[in-house]
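# Chain and residue survey
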Amino acid sequence: MALLWLAVSLAAISCVLPTDHSNRHMPSADPGPPIKNLRIDARSRTLSWDVAGNVSSIECFRNSKSSRKTKTRNSCTFYVLPKCEVSQYSVNVTTVDGRSFSTWIQYPVQEGNRGAAARSLTCQVHNVDFLTCSWQAGPEAPGDVQYHLYLEDVTTEKKWQCPRYTANELGIHTQCQFNGLSGFPNVQYRFLVSGTSTNRSIPCSEFVTFLSRIEALSPPNMTVNCNKSHCVIGWKMSSHFYRKFEYNLEIQKGTDYRYTQQALSQTSFVLSSPGIYSVRIQASVVAHNISQWSAPLRIVCGQSEHADLSWLTPVVMALATLLLAGCALVLCKRYSLRQKLFPPIPDMKDPMGDNVHSEKMLAWESDRAGQEECAVAKVEVLGEK
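Below: a short report on this structure.

Definitions and cut-offs
- Residues numbered from 1 in each chain as written.
- Predicted model: local features only at pLDDT ≥ 70, side-chain atom pairs only at ≥ 80, totals over all residues.
- Heavy atoms only, no water.
- Core = buried A, V, L, I, M, F, W, Y, C linked by side-chain atoms within 4.5 Å.
- Buried < 20%, exposed > 50% of the residue type's maximum accessible area, 1.4 Å probe, protein only.
- Helix = DSSP H or I, 4+ residues; strand = E, 2+ residues; numbered from the N terminus.
- Contact = heavy atoms within 4.5 Å.
- Phe/Tyr/Trp six-rings, centres within 6.5 Å; stacked < 30°, edge-to-face > 60°.
- Pairing = 2+ DSSP bridges.
- Disulfide = S-S within 2.5 Å.

Here we take up the nonpolar core. Grouped together as the largest cluster of nonpolar side chains are 25 residues, with contacts concentrated most on Leu 131, Trp 135, Tyr 147, Leu 149, Phe 178, Phe 191 and Leu 211. Only strand E8 (119-126), strand E9 (130-136), strand E10 (146-153), strand E13 (173-179) and strand E14 (188-196) provide two or more residues apiece to this core. Sequence-distant contacts of Phe 178, defined by excluding residues within four places in its chain, comprise Asp 129, Phe 130, Leu 131, Leu 149, Leu 151, Trp 160, Gln 161, Cys 162 and Pro 163. The next biggest cluster of nonpolar side chains, apart from the first, holds 20 residues, and it includes Leu 217, Tyr 242, Ala 283 and Ile 299.

On to the packing of aromatic side chains. For the structure shown, the criterion picks out seven aromatic pairs. Taking the centre distance of 4.9 Å and the plane angle of 55 degrees together, the rings of Trp 160 and Phe 184 count as tilted. With Trp 160 in strand E11 (residues 159-161) and Phe 184 in the loop between E13 and E14, the pair connects residues that are 24 residues apart, well separated along the chain. For Phe 184, a relative accessible area of 13% puts it in the buried group. A centroid spacing of 6.2 Å and a plane angle of 65 degrees characterise the contact between Phe 184 and Tyr 189, whose relative ring orientation is edge-to-face. By the burial criterion, Phe 184 is buried, and Tyr 189 matches it. By the ring-pair criterion, three or more aromatic residues cluster together here, those being Trp 160, Phe 184 and Tyr 189.

This part takes up unusual backbone geometry. Look at the link from Tyr 107 to Pro 108: it is a cis peptide, with omega at -5 degrees. Look at Asn 37: it is not a glycine, yet its phi comes out positive at around 60 degrees. Along the chain, Asn 37 falls in strand E1 (residues 35-41).

Right, let's talk about the pairing of strand E15 (residues 202-210) for a bit. Across seven bridges, the pairing between E14 and E15 is antiparallel. Directly across from Gln 188, in E15, lies its bridge partner Phe 210. Where E14 folds back onto E15 in an antiparallel hairpin, the turn is made up of five residues.

Moving on: the state of the cysteines. By definition, a disulfide links the sulfur atoms of two cysteine residues through a covalent bond. In this structure the tally under the stated criterion is five disulfides. The disulfide partner of Cys 162 is Cys 176, and the gap between their sulfur atoms is 2.1 Å. Handedness of the Cys 162-Cys 176 disulfide follows from its S-S torsion of about 115 degrees: it is right-handed. Of this pair, Cys 162 sits in the loop between E11 and strand E12 (165-167) while Cys 176 is found in strand E13, placing the two residues 14 residues apart along the sequence. Residues Cys 162 and Cys 176 agree in their burial class; the two are buried. Paired through a disulfide, Cys 226 and Cys 231 show a sulfur-sulfur distance of 1.9 Å. The S-S bond linking Cys 226 to Cys 231 shows a torsion near 120 degrees; that makes this disulfide right-handed. For Cys 226, a relative accessible area of 35% corresponds to the partly exposed category. Judged by its relative accessible area of 0%, Cys 231 is buried.

And the structure:
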């Protein structure tokens, strides 16, 4: 009986006393973030932080899209940092015990009214040596706003200010043109348009790209060298940023259908069949960068251009002969008619000197009387009084 009472008492005590499992199952206190003090150095384009715990992997993101594995435990470097568009830079960390942690900052700091910034900024390289950029004034820009464009080498941060602007009807710059691009290497450039105003801060607008990616290729210049049997078409392509091209020739012989001839890495093509051709050409470097077609070039193969006009020579000579004959006939008829209308009148013979002959006197020959139907009056000299 005593043993039964002792067993019940012990069971009751075990139900009442609390059980302490905190040392084995309760989570420990938060040890703090594994990284802190996130910051950006614009000159070195580096995102850095301080490591405060044991981490196994770290990744950097910009706007949650571009991921970069870190080369060191406390920083990562971006090739380009935007200066105008606000971006979010974040760091994701995994600790050695499997915990995940993320933190972020924004860069650059937004200043001014974004609606006053230039919009629709576009740039294009064209006609080999020209760069033209265009934009529109921001819809919320103040009346005294003025915009300025800068071209900046992303790596060296060397800047070129726009040398020539075009303004709209309000006098606001909306276009810029650079001439002579031979001195610009094919690197990444920042196209930046900043704004100024007397009383307001105007945010900038930008985009970053290579000059080669915005080049509108010009069609090649063609030359032709022909002989009696064939013609050699040559061409030369000009670009400061590309060296290798592919070409398409569009060829039409006479009134036949046009056909396209591809010329990979060639700079010439031979037309070996005599005839009259119309040829034009275009160049390309990649699928999205194709030049316009050149103007059609007329080629006469197997004969000279003058051969088509050789039949004109005898025609011209015949016409010239007829013209000369006609002129001679007209002149002859005109002289004969004048002689008939205005015959020469003979001067009277000087009675004082039968042998005297003057330049103004015309000798009368009786044998010619029958040749002209002219009335002749007989003159007698009776004597002197």
